[in-house]
Amino acid sequence: MKKLLPFLITISALSISGSAAFFSVFGLSKLFAGAATAVTIMAGTLEASKLIIATLLHQYWKKLSILLRAYLTIATLVLIMITSMGIYGFLSAAYQETANASSMVDKEIALIDNRIETFEKQKDLKSESLVGVEERIAQLNEGINNIEYSWVDRDGAGDQRELLSKQLEIANSDYIRLTNDISDLDSTILTLETDRFDVEIDSDVAAELGPLKYISEITGKPMAQVVNILLLIIVFVFDPLAISLVIAANRSFEIAFSKPSSSNNVTVTTPNKNVIEAVSNVIT
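Residues numbered from 1 in each chain as written. Predicted model: local features only at pLDDT ≥ 70, side-chain atom pairs only at ≥ 80, totals over all residues. Heavy atoms only, no water.

Colleague: How would you explain a negative patch on the surface if you had to name every residue and give the values?
Modeller: A surface patch of negative charge is lined by E120, D124, E128 and E193. Looking at the negative patch, the element that brings in the most residues is helix α3 (residues 66-150), giving three residues. Along the polypeptide, E120 turns up in helix α3. (Patch = residues over 30% accessible without salt bridge, like charges linked within 9 Å, V, L, I, M, F, W, Y side chains within 5 Å. Areas by Shrake-Rupley, 256 points an atom, 1.4 Å probe, with all protein chains shown as cover. Salt bridge = Lys/Arg side-chain N within 4 Å of Asp/Glu carboxyl O. Lys, Arg positive; Asp, Glu negative; His and termini not counted. Charge placed at Lys NZ, Arg CZ, Asp CG, Glu CD. Helix = DSSP H or I, 4+ residues; strand = E, 2+ residues; numbered from the N terminus.)

Below, the structure written as structure tokens:
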């Protein structure tokens, strides 16, 4: 396991570094779309150089001059900032595409809601008119009944009944027309509500932005601010972690595959007793 750990750290470092480089290179190419190919080549070269510089600083820190150490350290920090900027640009551009799609869906839904509201107002007006027509019909029927039972022997009863009958016929026609109009409005509103439901169901944006909208609701912060904080957290962790793992991989290889110190292999032997006596006789 001690021999395997450095390789695992190296794989993790390279995978994170590669991901950071990918997002950074394409993010910078989006920021400088006018020279996307040139920026991709430049950013890719800088990403590879950054890992080499980090390894160089770790391996030869004491052997490098102070001025060179300072410059390479500053260059590494600047490259981390450039990489972070590219990652932020890539992720923010990806979010913006989704946000634009969401905005289009919201506008389409808002347009449908406005049409539904307009038709509902028309329905309310016609419903009010229908109530008035119903009251008018009731009054005319009552008037006709009064003439039939109370004005039988009076002059002009027939003319009055005929007038009321014509008005009742007109009122009934208005009632039928208003009823049909309300029925048509109900059908139109139902169709628009179905269209609204289809727009919400067919859109993948709601599923993509659902968690962010939920976080925005529970925190009371605008979704753009929530996304910005999330992107900054990702940027803060991404490339610095990659550089840290590169350095950790170098150190782990040093520890795992370093040779034991020669002092650990020294054996202490006890002099032979006869040898000691012989040396003593020679001296004396």
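Colleague: Hey, could you go over a nonpolar patch on the surface for me, with residue numbers and the actual values?
Modeller: On the surface, a nonpolar cluster with roughly 570 Å² of combined accessible area is contributed by L4, L5, F7, L8, I11 and F257. No other element matches the five residues that helix α1 (residues 4-31) contributes to the nonpolar patch. Mapping I11 onto the fold places it in helix α1. On the accessibility criterion, I11 (56% relative accessible area) is exposed. (Buried < 20%, exposed > 50% of the residue type's maximum accessible area, 1.4 Å probe, protein only.)

Colleague: Outline the pattern of salt bridges, listing residues and values.
Modeller: Any two side chains of opposite charge can pair, so long as their charged atoms come close to each other. Inspection of the entire model under this criterion finds eight salt bridges. Residues D113 and R196 are paired through a salt bridge, measuring 2.6 Å at the closest nitrogen-oxygen approach. Taken together, the residues span a long stretch of sequence, with D113 in helix α3 and R196 in helix α4 (residues 157-202) at a distance of 83 residues. Between E117 and K121 there is a salt bridge; the shortest N-O distance is 3.7 Å. Here the residue E117 and the residue K121 both occupy positions in helix α3, the gap between them amounting to four residues, near one helical turn. By relative accessible area, which is 40% here, E117 ends up partly exposed. Residue classification places K121 among the exposed positions, given a relative accessible area of 51%.

Colleague: Go over the packing of helix α2 (residues 36-59) against helix α6 (residues 223-257), please, and point to the residues and values.
Modeller: One way to put it is that α2 packs onto α6 with a least axis distance of 10 Å and a crossing angle of 45°. Between α2 and α6, the crossing angle belongs to the class labelled oblique. Between α2 and α6 the crossing geometry is right-handed. Two secondary-structure elements touch here, α2 through E47, K50, L51, A54, T55, H58 and Q59 and α6 through D239, I243, V246, I247, N250, R251 and E254. (Axes fitted to C-alpha atoms, helices over the stretch in contact; angles between N-to-C directions. Parallel < 35°, antiparallel > 145°, perpendicular 65-115°, else oblique. Left-handed = near helix turned anticlockwise from the far one by under 90°. Contact = heavy atoms within 4.5 Å.)

Colleague: Account for the packing of α1 against α6, with residues named and values stated.
Modeller: It is at 8 Å that the axes of α1 and α6 come closest, and there the two elements cross at 155°. Taken together, α1 and α6 sit at an angle that is classed as roughly antiparallel. Judged by the twist between their axes, the crossing of α1 over α6 is left-handed. Facing α1, whose interface residues are P6, F7, I9, T10, S12, A13, I16, S17, S19, A20 and F23, α6 presents F238, D239, L241, A242, L245, V246, A248, A249, S252, F253, A256 and F257. Split by residue class, the contact of α1 with α6 holds 17 nonpolar, five polar and one charged. (Nonpolar A, V, L, I, M, F, W, Y, C, P; charged D, E, K, R; others polar.)

Colleague: I'd love a proper account of the confidence of the model for the chain, names of residues and values included.
Modeller: Residues at a pLDDT of 70 or more form 82% of the chain, whose mean pLDDT is 79. Segment residues 262-273: pLDDT under 50, and one contact once partners within four positions in sequence are set aside and those in other chains are kept. (pLDDT = per-residue confidence, 0-100.)

Colleague: Would you mind going over the side chain of R69 in detail, with residue names and values included?
Modeller: Looking at where R69 falls in the secondary structure, it is placed in helix α3. At 3.0 Å, the side chain of R69 and the backbone oxygen of W61 are in polar contact. Ignoring sequence-local partners within four residues, the contact set of R69 consists of L57, W61, K62 and L64. (Polar contact = N/O pair within 3.5 Å; in protein donor to acceptor, adjacent residues only side chain to side chain.)

Colleague: Report on the nonpolar core, specifying residues and quantitative values.
Modeller: Membership of the largest hydrophobic core comes to 14 residues, with the highest contact counts inside it found for I16, I87, F238 and L245. Listing elements by their share of this core, those giving two or more residues are α1, α3 and α6. No other element matches α6, which puts seven residues into this core. Setting aside anything within four residues of it in sequence, one finds I16 in contact with F238, L241, A242 and L245. (Core = buried A, V, L, I, M, F, W, Y, C linked by side-chain atoms within 4.5 Å.)

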